[in-house]
Amino acid sequence: MPECVVLARRDGPDATAPTPALTALLRRLGGEVVARASQSRREHNHYAVGPALVDQVRAHCRDHDADTVVVDGHLHEGQVVDLADALPVETVWDRRDVVWAALAAGGNDVAAARRSLRTGRVERRRVAAARRTAAAEGPDTDDGRLADLDRRRDRHEAALADARKTARRAAREAYTDVDAHVVVVGATDASTTPVWAALCDRSVEEENGEGADSRPVAPATATTAVTRLGASKVAVSDGPGLVGGDAAWYDGVVPNWTATVERAAVIVAVADGTRAGAALQSACDRVDAPVVAVTPDAAAAAPSTRVTATLADTGDGPPVDRLRGAVADALPETGLVATLPYRDEAHTVVSWLHDRGTVAAVDYDDQITVRVAVPASATEAVRSRVTSAGGSVAMESD
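All values derive from a computational prediction rather than experimental measurement.

Draft legend 1. Structural detail: the overall build of the protein chain. Counting its regular elements, the protein chain contains 14 helices and 14 strands. For a compact globule of 398 residues, the expected C-alpha radius of gyration is about 21 Å, and the protein chain comes in at 27 Å, more than 25% above that figure. Its C-alpha atoms put the protein chain at 100 × 50 × 35 Å along the principal axes. When the 398 residues of the protein chain are sorted by exposure, 47% land in the buried category. Long-range pairs, those at least 24 residues apart, make up 65% of the contacts in the protein chain with a sequence separation of at least 6. For the protein chain, the exposed area adds up to about 18,200 Å²; of that, 46% sits on carbon and sulfur atoms. With 45 positive and 59 negative side-chain charges, the protein chain shows a separation of 6 Å between the mean positions of the two kinds.

Structure representation (structure tokens):
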């Protein structure tokens, strides 16, 4: 892991946007940024950053005895090897390496597998480059190392594919006994965990340790708790956040989180952190669900026409009762009219309907008529229970 880090960045029309909380991520990994260097230019084929910036970074490395250079952008494996050869350090990372390492350190197995694959590919490039240099200076000798690295790369690729498939399947198959799924989303540096804890009536410190809510890309995988919101039994999930735009490099290491977002019946959008609007748009692109917005500025327009409620967060989190009520109101419900004959069992069914949904009225006439709103997923269960008691069910709008 890095210790003393020189942070480099190339700006320009083709550059990636600055990585949110990159310094904080490095600090979590045990590294401290001791110097920074930047320039504005188009990508350099050899180093990604320009030669002039390489010279600045080299000087910073020597002045601060740095052991790692991190480029806040994307480097392909060949550029990593070329930069490491040009600098007095052994470790060169780009922003993906930092994010993947932080997620892996948080227990994300897919990110750990992606890091292993990246490390293997860089090593393969390094050995191949050394072989080309040696071949130019004398007879080529095949020691079998490249073939071994190719086999290792293939194993890492297979392990990554399996880890992704397993994570997505596990997310899709979990919590199937609830009425609905709710996700708390934000940018990768948004403080989503306090909102998740409030929805679940839990303590942040109790669940994740003191200060866990302020860490970027935390929790590193989807974290879910079951609670009741209104008449619904709900699975509420928190995760490492979302990145807007072309973020395949990020989505590929949080498959259980993206699969969890895709199941959501309601999105709770925490509108703080870096590029919060892009994170919300990323969530809305994945699932057609209503949005409850939590924002430091209640007057700010949320970037989605699906917003059903906006709650102000003044720093201590939104009012818990209002938050839980707003999400409960946004959950899909079905209005039903249950008609039951006067029998002993009918009273048991009426009591059950009070537990299962929100009863608006009960009329006792020639028969018992109950108007009730239930979670959409419970419609068939209500129909079956009422029918078994000799009654019938119609939609409220019929």
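Back to the text.
Draft legend 2. Highlighting the nonpolar core. If you look at the biggest cluster of nonpolar residues, it comprises 41 residues, and the most contacted ones within it are Val70, Val98, Leu103, Val185, Tyr250, Trp257 and Ile267. Within the residue set of this core, elements represented by two or more residues are β1 (4-11), α1 (22-28), α4 (95-105), β5 (180-185), α9 (248-251), α10 (255-262), β8 (266-270) and α11 (276-286). Tallying contributions element by element places α4 first for this core, with 6 residues. Those residues in contact with valine 70 that sit more than four places away from it in its chain are Val5, Val6, Leu7, Ala8, Leu22, Leu26, Trp93, Asp94 and Val98. With 26 residues, the next largest nonpolar core counts Ala225, Ala265, Val270 and Val292 among its residues.

Draft legend 3. Structural context of the side chain of threonine 188. Mapping threonine 188 onto the fold places it in the loop between β5 and α7 (193-200). Look past the residues within four positions of threonine 188 in its chain and what remains in contact with it is Pro20, Pro216, Val217, Pro240, Gly241, Leu242, Val243 and Tyr250.

Draft legend 4. Region of the structure containing the sheet that holds strand β12 (residues 358-364). Pairing is antiparallel across the open sheet formed by 4 strands, whose spatial order is β12-β13-β11-β14. Only two strands of the sheet have a single neighbouring strand rather than two, namely β12 and β14 (392-395). The average angle at which neighbouring strand axes cross in this sheet is 20 degrees, direction not considered. Lying over the sheet, helix α13 (residues 344-356) contacts β11 (333-340), β12 and β13 (368-375), oriented at roughly 30 degrees with respect to β13.

Draft legend 5. Inspection of the packing of α7 against helix α12 (residues 320-330) at higher detail. Interhelical geometry of α7 versus α12 gives an angle of 80 degrees and a closest axis separation of 9 Å. Considering their axes alone, α7 and α12 lie roughly perpendicular with respect to each other. Contacts between α7 and α12 involve Val195, Ala198, Leu199 and Cys200 from the former and Val320, Leu323, Arg324 and Val327 from the latter. Counted by class, the contact of α7 with α12 contains 7 nonpolar, no polar and 1 charged residues.

Draft legend 6. Structural view of the pattern of salt bridges. This structure, assessed with the given rule, holds 26 salt bridges. Arginine 118 serves as the salt-bridge partner of aspartate 97, at 3.1 Å between the closest nitrogen and oxygen. Here arginine 118 lies in helix α5 (residues 109-137) and aspartate 97 lies in helix α4, a separation of 21 residues in the sequence. As far as burial versus exposure is concerned, aspartate 97 and arginine 118 are alike and both buried. Taking the shortest distance from any N to any O, the salt bridge between glutamate 396 and arginine 371 comes out at 3.8 Å. Residue glutamate 396 is located in the segment after β14, and its partner arginine 371 is located in strand β13; the two are separated by 25 residues in the primary sequence. For glutamate 396, a relative accessible area of 39% translates into the label partly exposed. Residue classification places arginine 371 among the partly exposed residues on the basis of a relative accessible area of 31%. Look at the salt bridges and you will find they share partners, linking Glu77, Asp94, Arg96, Asp97, Arg115 and Arg118 into a network.

Draft legend 7. Examining the packing of aromatic side chains more closely. The full count for this structure, using the stated rule, is 2 aromatic pairs. Lying over the aromatic face of tryptophan 93, arginine 115 brings its terminal NZ or CZ to 4.8 Å of the ring centre.

Draft legend 8. Up close: α11. Within α11 the residues assigned to the buried category are Ala276, Ala279, Leu280, Ser282, Ala283 and Cys284. Against β5, α10, β8 and β9 (291-295) lie the buried residues of α11.

Draft legend 9. Local environment of the environment of aspartate 11. Along the chain, aspartate 11 turns up in strand β1. Judged by relative accessible area, aspartate 11 falls into the partly exposed class, the value being 30%. Spatially, the C-alpha atoms of aspartate 11 and glutamine 39 are 6.0 Å apart, while their sequence positions differ by 28 residues. Not counting residues within four places of it along the chain, the set of residues in contact with aspartate 11 comprises Gln39, Ser40 and Arg41.

Rules of the game
Counting restarts for each chain, with residues numbered from 1 along the sequence as it is written. Only residues with pLDDT of at least 70 get local features here, since the model is predicted, and only at 80 or more are side-chain atom pairs given and counted; chain-wide, interface and lining totals rely on the full set of residues. The side-chain figures draw on all heavy atoms in the structure; neither hydrogens nor water molecules are used. Numbering of helices and strands starts at the N terminus; helices are DSSP runs of H or I of at least 4 residues and strands are runs of E of at least 2. Note on method: radius of gyration uses C-alpha positions; expected globular size equals 2.2 Å times residues raised to 0.38. For the exposure calls, accessible area comes from a 1.4 Å probe over protein chains only, and a residue counts as buried if that area is under 20% of its type's maximum, exposed if over 50%, partly exposed in between. Two residues form a contact once any of their heavy atoms are found within 4.5 Å. Here the accessible surface of atoms and residues is derived via Shrake-Rupley with a 1.4 Å probe, and residues count as covered only by protein chains that are part of the display. A positive count includes Lys and Arg, and a negative count includes Asp and Glu. His and the chain ends are not counted in either. For charged residues, the charge sits on one atom: NZ in Lys, CZ in Arg, CG in Asp, CD in Glu. Here, the term nonpolar core denotes a set of buried Ala, Val, Leu, Ile, Met, Phe, Trp, Tyr and Cys residues that are joined through side-chain atoms within 4.5 Å. Strand pairing is defined by DSSP finding a minimum of two bridges between the two strands. Here, axes are lines fitted to C-alpha atoms. For helices the fit covers the stretch in contact, and angles between N-to-C directions go from 0 to 180 degrees. Relative orientations are named as follows: roughly parallel for angles under 35 degrees, roughly antiparallel for angles over 145 degrees, roughly perpendicular for angles from 65 to 115 degrees, and oblique for any other angle. Under the scheme applied, nonpolar residues are Ala, Val, Leu, Ile, Met, Phe, Trp, Tyr, Cys and Pro; charged residues are Asp, Glu, Lys and Arg; polar residues are all the others, including Gly. What counts as a salt bridge is simple: a side-chain nitrogen of Lys or Arg found within 4 Å of a carboxyl oxygen of Asp or Glu. Centres within 6.5 Å make a pair out of two Phe, Tyr or Trp rings, where for Trp the six-membered ring is used; the pair is then stacked when the planes are under 30 degrees apart, edge-to-face when over 60, and tilted otherwise. Each ring is checked for a lysine NZ or an arginine CZ that lies within 6 Å of its centre and within 35 degrees of its normal; such an atom marks a charge sitting over the ring.

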